[in-house]
Amino acid sequence: MNRVKAYFFANMSHELRTPFVGIVGFSELLSESLQNPEEKEMANQILKSSKRLTETLNKILNVTRLEFDKLEVKLRDIDVIEMIDQLKILFSKSASAKNISIKTKISQDEIVVKTDGRMLDEMITNLLNNAIKYTQDGFIDISAETIVRENKNYLLLKVADTGVGIPKNKQEIIWKEFRQVSEGMNRSFEGTGLGLTIIKKYVETLSGKITLESEIGKGSTFVIEIPVEIVSKKEVNKSKEIVLKQTQNNIEIKSRKPKILYVEDDVIALSYVDKVLKAFYEIDTAFNATIALELANKNIYEAMLLDINLGKGIDGVELMQMMRKINGYNKIPIVAVTAYAAESDRLEFLAKGFTHYLSKPFTSVELRGMLGKIFNS
Ligand code: ADP
């Protein structure tokens, strides 16, 4: 049953994500290029709506997958203060649009810990999203500290708001899938009711806990507490310096357009990626593996972007393995660009020989950012 379910969700995820490449991608390009303000605004609204739909889709798929997929924890050195600062910048626009100010309270000079950065980022993001959504005016406080309890180090994160608050009799149900304080057709807030479910699952996977204190009309405070190992910032900075040096060296060399190959059977994605990249790369495209192999033998590509599901015949994974055997391509960057977007898919593609991974749908910024990283490192 679980296998059928897993297959069903992988398939649904693929089918739902693929058309989003066209919707998110082209509405973004239109909103950048249209001159007429009214038309520009319409394209912006399509972009906004499709982003919201993508978020909902991500949350639903995420939470459903959590049911039958074991979450893998990836511990890395995370600069918590830097992460909070970045998120504060990211949310400052939506907060100030509602006249809410975001303050940070951090008394330690540095908080660098070993933890799963992606989970931590998603947890704070979801809490901030809620804090802004459920606050009409006032402020949001983010605080972070490390504490020691019974010889163990813990990271303590607090997100407090001055919003609507959560009544005592609802403080249990909000952690459950799809549950919200206000439900039914006259509910006062939009949303999936999945954000807190995902946070709780992540916190528990990291062996921590999340608690809530809230009073109706006064606000809510969510506190996350996870056991961590403390790292010295010097170590983190050292590795950053090396990357920066490498980047600077490479920028000087790479002033010409690198030649890349994109293999994709979906014509909409093909034309979108071609439009987004052609100003920066010499890009060839192929809609199946046979054409891709022909092109690869005739040309010299510095990187490849391969879709995984290429319709009938050879799939993207097999194609990558065949490419690796062609002279000159055994070490080049090959990116899996795919609507198979589960964390387990990403790990599987990387283990099989892809060097990078980009999940669909993606924006032009994400695509260019990924290739920028490839060619500057
Ligand atoms: P969503 O926000 O999409 O409904 P969540 O799982 O993130 O889903 O939250 C579940 C419910 O908990 C929300 O619908 C809301 O009623 C309540 N809630 C969450 N965060 C806050 C907050 N900061 N202030 C008030 N209510 C909140």
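Coordinates for the structure precede this section.
A quick note: this is a predicted structure, and the numbers were derived from the prediction, not measured. (Residues numbered from 1 in each chain as written. Predicted model: local features only at pLDDT ≥ 70, side-chain atom pairs only at ≥ 80, totals over all residues. Heavy atoms only, no water.)

**Quick notes on the overall build of the chain**
Thought 1: For the chain, the helix and strand inventory stands at 11 helices and 13 strands.
Thought 2: Relative to its 377 residues, the chain shows a buried fraction of 45%.
Thought 3: Within the chain, counting contacts between residues at least 6 apart in sequence, those at least 24 apart form 69% of the total.
Thought 4: For the chain, the accessible surface area stands at approximately 20700 Å², while carbon and sulfur atoms represent 54% of it.
Thought 5: Within the chain, one finds 53 positive and 51 negative side-chain charges whose respective centroids are separated by 1 Å. (Helix = DSSP H or I, 4+ residues; strand = E, 2+ residues; numbered from the N terminus. Buried < 20%, exposed > 50% of the residue type's maximum accessible area, 1.4 Å probe, protein only. Contact = heavy atoms within 4.5 Å. Areas by Shrake-Rupley, 256 points an atom, 1.4 Å probe, with all protein chains shown as cover. Lys, Arg positive; Asp, Glu negative; His and termini not counted. Charge placed at Lys NZ, Arg CZ, Asp CG, Glu CD.)

**Quick look at the environment of Asp 345**
Thought 1: Within the fold, Asp 345 resides in helix α10 (residues 343-352).
Thought 2: For Asp 345, a relative accessible area of 16% translates into the label buried.
Thought 3: Between the C-alpha atoms of Asp 345 and Ala 10, which are 335 residues apart in sequence, the distance is 9.2 Å.

**Here we look at the packing of helix α8 (residues 289-298) against helix α9 (residues 316-325)**
Thought 1: Look at α8 against α9: their axes get within 11 Å of each other, and the N-to-C directions meet at 20°. In terms of orientation, α8 lies roughly parallel with respect to α9. Once α8 is placed against α9, the crossing between them reads as right-handed. On the side of α8, the interface is formed by Ala 289, Ala 292, Leu 293 and Ala 296, while α9 contributes Leu 319, Met 322 and Met 323.
Thought 2: Broken down by class, the residue content of the contact of α8 with α9 amounts to 7 nonpolar, no polar and no charged. (Axes fitted to C-alpha atoms, helices over the stretch in contact; angles between N-to-C directions. Parallel < 35°, antiparallel > 145°, perpendicular 65-115°, else oblique. Left-handed = near helix turned anticlockwise from the far one by under 90°. Nonpolar A, V, L, I, M, F, W, Y, C, P; charged D, E, K, R; others polar.)

**A closer look at a nonpolar patch on the surface**
Thought 1: Together, Phe 8, Met 12 and Leu 16 make up a nonpolar patch on the protein surface, roughly 240 Å² of accessible area in all.
Thought 2: As for its placement among the helices and strands, Leu 16 is situated in helix α1 (residues 2-33). (Patch = residues over 30% accessible without salt bridge, like charges linked within 9 Å, V, L, I, M, F, W, Y side chains within 5 Å. Salt bridge = Lys/Arg side-chain N within 4 Å of Asp/Glu carboxyl O.)

**Side note on the environment of Ile 216**
Thought 1: Topologically, Ile 216 is positioned in the loop between β6 (209-215) and β7 (219-227).
Thought 2: The exposure class of Ile 216 is exposed, given its relative accessible area of 55%.
Thought 3: Distance in space between the C-alpha atoms of Ile 216 and Thr 162 is 9.8 Å, their sequence separation being 54 residues.
Thought 4: In contact with Ile 216, other than residues within four places in its own chain, are Val 164, Gly 165 and Pro 167.

**A closer look at the sheet that holds strand β8 (residues 229-230)**
Thought 1: Read across the open sheet, the 3 strands follow the order β1-β3-β8; overall the sheet is antiparallel. Lying at the two open borders of the sheet, with one neighbouring strand each, are β1 (75-79) and β8.
Thought 2: Two strands pair when backbone bridges link them, and strand β3 (residues 112-116) and β8 are joined in this way by 2 bridges, in the antiparallel orientation. When the bridges of β8 are listed, Lys 114 appears paired with Glu 229.
Thought 3: Contacts from helix α3 (residues 80-97) reach β1 and β3, with the element oriented near 65° to β1.
Thought 4: Against the sheet, helix α4 (residues 117-133) touches β1 and β3, its axis set at about 95° to β3. (Pairing = 2+ DSSP bridges.)

**A closer look at the site of the ligand**
Thought 1: Near the ligand there are 20 residues, and of these Asn 130, Tyr 134, Asp 161, Gln 180 and Leu 196 occur at the shortest range.
Thought 2: In this structure, an oxygen atom belonging to the ligand sits 3.0 Å away from a main-chain N or O atom of Gly 193.
Thought 3: Taking Gly 195, its main chain carries an N or O atom lying 3.1 Å from an oxygen atom of the ligand.
Thought 4: Protein burial of the ligand: of its 530 Å² of free accessible surface, 97% is covered by the chains.
Thought 5: Those elements that place two or more of their residues in the shell around the ligand are α4, α5 (195-205) and β7. (Near = heavy atom within 4 Å. Polar contact = N/O pair within 3.5 Å; in protein donor to acceptor, adjacent residues only side chain to side chain.)

**Quick word on the pairing of β3**
Thought 1: Counting buried positions over the 5 residues of β3 gives 4, a clear majority of the element.
Thought 2: Across 5 bridges, β1 lies against β3 in antiparallel orientation. By the bridge assignment, Leu 75 is partnered in β3 with Asp 116.

**A word on the pairing of strand β13 (residues 356-359)**
Thought 1: Examined bridge by bridge, strand β12 (residues 334-338) and β13 share 4 bridges and lie parallel to one another. Paired with Thr 338 across the bridge in β13 is Ser 359.
Thought 2: With α10 bridging β12 and the parallel β13, this β-α-β connection has right-handed handedness. (Right-handed = clockwise from strand over helix to strand, strands pointing away.)

**Quick notes on α3**
Thought 1: Look at α3: 26 Å from first C-alpha to last across 18 residues, which is about the 26 Å you get at 1.5 Å a residue.
Thought 2: The largest bend along α3 measures about 45° and falls at Phe 91.
Thought 3: All of the buried residues along α3 are Val 80, Ile 81, Met 83, Ile 84, Leu 87, Phe 91 and Ala 95.
Thought 4: Tucked into the core, α3 has its buried residues touching β1, β2 (100-105), β3, α4, β4 (138-149) and β5 (152-161).
Thought 5: Structurally, the start of α3 carries an N-cap: the backbone nitrogen of Ile 81 is 3.3 Å from a side-chain oxygen of Asp 79. (Expected span 1.5 Å × (residues − 1). Bend = angle between axes of the 7 residues up to and from the residue.)

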